[in-house]
Amino acid sequence: MKGLVLRSTGSWYEVLDENKHVWQCRLKGKFKIQGLKTSNPIAVGDRVEFEIEDKLENMATIFKIEPRENYIIRKSVHKTAHGHILAANLDQAVIIVTLNYPRTSLGFLDRFLVSAESFRIPTTIVFNKIDLLSEEEKDYLADLAALYESIGYPCVFTSAVGKIGIKAFNDILKDKISLVSGHSGVGKSTLVNQIAPELDLKTMEISSFANKGVHTTTFATMFEIEENSYIIDTPGIKELGLIDIEKQELSHFFPEMRALLGECKYHNCKHLNEPKCAVMEAVGSGEIAESRYNSYLSMMGDDDNRR
Ligand code: GDP
Ligand code: ZN
């Protein structure tokens with residue numbers, strides 16, 4: 001049987017089969033995934049093959065995992081320990097941001113986008129709580145969205161309580177597996193509730209798998225919001241974490257900088273103070289936004305890019 005991993009405790013896996021039946025699975029023997037050392041062999045979003053052990057009890061055993069298209073991995077805080085795969089096979093990330101209440105900083109947004117680029121996951125930006133914006137803030141938001149659209153990130157405007165943009169939000173999730181992320185309080189639960197009222201993210205975070213006695217907050221959970229559309233929620237985790245990005249490579253994950261990379265005088269240009277740097281020239285001419293370049297500088301200044 002083939003299935004999709006909806007959630008995991010580290011030792012148990014909930015797997016959805018092709019007939020929409022959910023199985024409680026264990027792993028068969030030891031799993032080794034080539035070239036990747038992680039604390040968890042299987043993650044939410046993995047496609048697996050399993051065999052039924054006990055039909056009445058819904059118990060099954062996973063014996064095979066399909067190659068991943070992509071995955072998000074978090075470094076352990078202990079440098080020697082292996083990373084933890086948060087989720088696999090994502091079609092996209094959806095980052096929910098708010099200008100106010102709470103304010104999402106552009107630095108945070110840009111870090112998220114760089115992480116997603118490094119994992120090769122396309123991202124859509126959802127600006128929520130637009131009902132709270134002044135006219136001035138609306139103008140600012142329009143400019144901001146135009147900037148991110150020009151770089152290649154689709155933008156959607158919503159008000160979860162005002163029921164604005166709900167269809168647009170629903171449309172971006174259609175037929176995809178989406179990681180939905182954002183600071184606590186941006187309205188993620190309220191937005192998801194608008195399109196899938198039977199899902200109550202807030203309550204589920206607390207109750208899910210509680211009977212198995214596992215600390216669930218570090219694990220991601222996948223929910224089917226409608227036929228063929230799934231969201232992955234990572235409670236308590238708002239940053240994606242970076243895979244090891246060399247400072248030299250950081251500009252590759254800013255698409256508007258990546259487009260200019262052949263044009264700097266020095267091929268190993270870090271775009272900091274080198275002469276004839278195409279990136280700095282583009283910042284000077286306004287072709288690259290200062291806020292984006294500032295985020296770049298800030299990330300270049302990190303002692304450790306892994307966050
Ligand atoms: P989460 O932590 O991201 O899941 O945020 P919640 O969905 O719990 O929302 C946090 C608070 O923001 C709640 O009081 C919501 O009612 C409120 N909220 C959510 N979306 C909107 C919105 O579009 N406009 C306004 N004014 N408030 C919102
Ligand atoms: Zn340069």
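Note that the coordinates shown come from a computational prediction; the quantities given were computed from them, not determined experimentally.

Calculation notes
- Residues numbered from 1 in each chain as written.
- Chains lettered and ligands numbered in written order.
- Predicted model: local features only at pLDDT ≥ 70, side-chain atom pairs only at ≥ 80, totals over all residues.
- Heavy atoms only, no water.
- Helix = DSSP H or I, 4+ residues; strand = E, 2+ residues; numbered from the N terminus.
- Contact = heavy atoms within 4.5 Å.
- Areas by Shrake-Rupley, 256 points an atom, 1.4 Å probe, with all protein chains shown as cover.
- Donors = N, O, S within 2.8 Å, 3.2 Å for Na, K, Ca; no water.
- Tetrahedral: all angles 85-135°; square planar, octahedral: opposite > 155°, others 65-115°.
- Buried < 20%, exposed > 50% of the residue type's maximum accessible area, 1.4 Å probe, protein only.
- Phe/Tyr/Trp six-rings, centres within 6.5 Å; stacked < 30°, edge-to-face > 60°.
- Core = buried A, V, L, I, M, F, W, Y, C linked by side-chain atoms within 4.5 Å.
- Domains from an automatic or database assignment.
- Pairing = 2+ DSSP bridges.
- Salt bridge = Lys/Arg side-chain N within 4 Å of Asp/Glu carboxyl O.

1. Brief notes about the overall build of the chain
Here's step 1: Of the regular secondary structure elements, the chain holds eight helices and 13 strands.
Here's step 2: When contacts within the chain are restricted to residue pairs at least 6 apart in sequence, long-range pairs at least 24 apart make up 65% of them.
Here's step 3: On the chain, roughly 15,400 Å² of surface is accessible, and the fraction owed to carbon and sulfur atoms is 50%.

2. Thoughts on the coordination of the zinc ion (ligand 2)
Here's step 1: Within the first shell, the zinc ion (ligand 2) binds the protein through Cys264 (SG), Cys269 (SG), His271 (ND1) and Cys277 (SG), at distances of 2.1 to 2.4 Å.
Here's step 2: One can describe the donor arrangement at the zinc ion (ligand 2) as tetrahedral, given that its four donor atoms subtend angles of 105 to 116 degrees at the metal.
Here's step 3: Mapped onto the sequence, the donors of the zinc ion (ligand 2) take the spacing C-x4-C-x1-H-x5-C. Residue histidine 271 shares its accessibility class with cysteine 277, and that shared class is buried.

3. Here's the deal with the packing of aromatic side chains
Here's step 1: Across all of its chains, the model carries four aromatic pairs by this definition.
Here's step 2: Measuring from ring centre to ring centre gives 5.9 Å for phenylalanine 127 and phenylalanine 157, while their planes differ by 20 degrees; the resulting arrangement is stacked. Taken together, the positions of phenylalanine 127 in strand 9 (residues 123-127) and phenylalanine 157 in strand 10 (residues 155-157) put the pair 30 residues apart, joining distant regions of the chain.
Here's step 3: Its relative accessible area of 2% is what places phenylalanine 127 among the buried residues.
Here's step 4: Summarising the aromatic geometry, the rings of phenylalanine 254 and tyrosine 296 are spaced 5.6 Å apart at their centres and angled 85 degrees between planes, so their arrangement reads as edge-to-face. Of this pair, phenylalanine 254 sits in the loop between strand 13 (229-233) and helix 6 (255-258) while tyrosine 296 sits in helix 8 (residues 290-300), and the two are 42 residues apart along the sequence. The burial state of phenylalanine 254 is the same as that of tyrosine 296; both residues are buried.

4. Observations concerning the nonpolar core
Here's step 1: Counting residues in each nonpolar core, the largest one holds 44 residues, and the members touching the most others are Ile125, Tyr148 and Ile232.
Here's step 2: If you count residues domain by domain, this core takes at least three from each of domain 1 (2-69) and domain 2 (90-233).
Here's step 3: Contact partners of tyrosine 148, with chain neighbours within four places excluded, come to Leu106, Leu109, Asp110, Leu113, Ile125, Tyr153, Cys155 and Arg292.

5. Quick notes on the pairing of strand 2 (residues 13-17)
Here's step 1: Where burial is concerned, most of strand 2 is hidden: five out of the five residues are buried.
Here's step 2: Taking every second residue as pointing to the same face, both faces of strand 2 are buried, with Tyr13, Val15 and Asp17 on one and Glu14 and Leu16 on the other.
Here's step 3: By the bridge criterion, five bridges tie strand 1 (residues 2-8) to strand 2 in an arrangement that is antiparallel. Across the sheet, residue serine 8 finds its bridge partner in strand 2, namely tyrosine 13.
Here's step 4: Note: strand 2 against strand 3 (residues 22-27), four bridges, orientation antiparallel. Note on strand 3: the bridge partner recorded for leucine 16 is valine 22.

6. Notes on the pattern of salt bridges
Here's step 1: As enumerated under the stated definition, the model contains 15 salt bridges in all.
Here's step 2: Here lysine 20 makes a salt bridge to glutamate 227, at a shortest N to O gap of 3.3 Å. Residue lysine 20 is located in the loop between strand 2 and strand 3, and its partner glutamate 227 is located in the loop between strand 12 (221-226) and strand 13; the two are separated by 207 residues in the primary sequence.
Here's step 3: Because the salt bridges share partners, they merge into one network encompassing Lys20, Glu224 and Glu227.

7. Quick look at unusual backbone geometry
Here's step 1: Note the cis peptide between tyrosine 101 and proline 102, where omega equals -5 degrees.
Here's step 2: By the secondary structure assignment, proline 102 is in the loop between strand 8 (92-97) and helix 1 (106-118).
Here's step 3: Its identity is not glycine, yet lysine 129 carries a phi of approximately 65 degrees, on the positive side.
Here's step 4: Among the structural elements, lysine 129 can be located in the loop between strand 9 and helix 2 (135-151).

8. A look at the pairing of strand 13
Here's step 1: Among the five residues of strand 13, five are classified as buried, and the element is accordingly described as predominantly covered.
Here's step 2: The two faces of strand 13 match: Ser229, Ile231 and Asp233 on one face and Tyr230 and Ile232 on the other face are all buried.
Here's step 3: Where strand 11 (residues 177-182) meets strand 13, four bridges bridge the pair, whose relative direction is parallel. Note that in strand 13 the partner of leucine 179 across the bridge is isoleucine 232.

9. Quick word on the side chain of serine 295
Here's step 1: With respect to the secondary-structure elements, serine 295 resides in helix 8.
Here's step 2: Residue serine 295 is classed as buried on the basis of its relative accessible area, which comes to 7%.
Here's step 3: For serine 295, the residues in contact, after removing those within four places along its chain, are Leu106, Gly107, Asp110 and Phe254.

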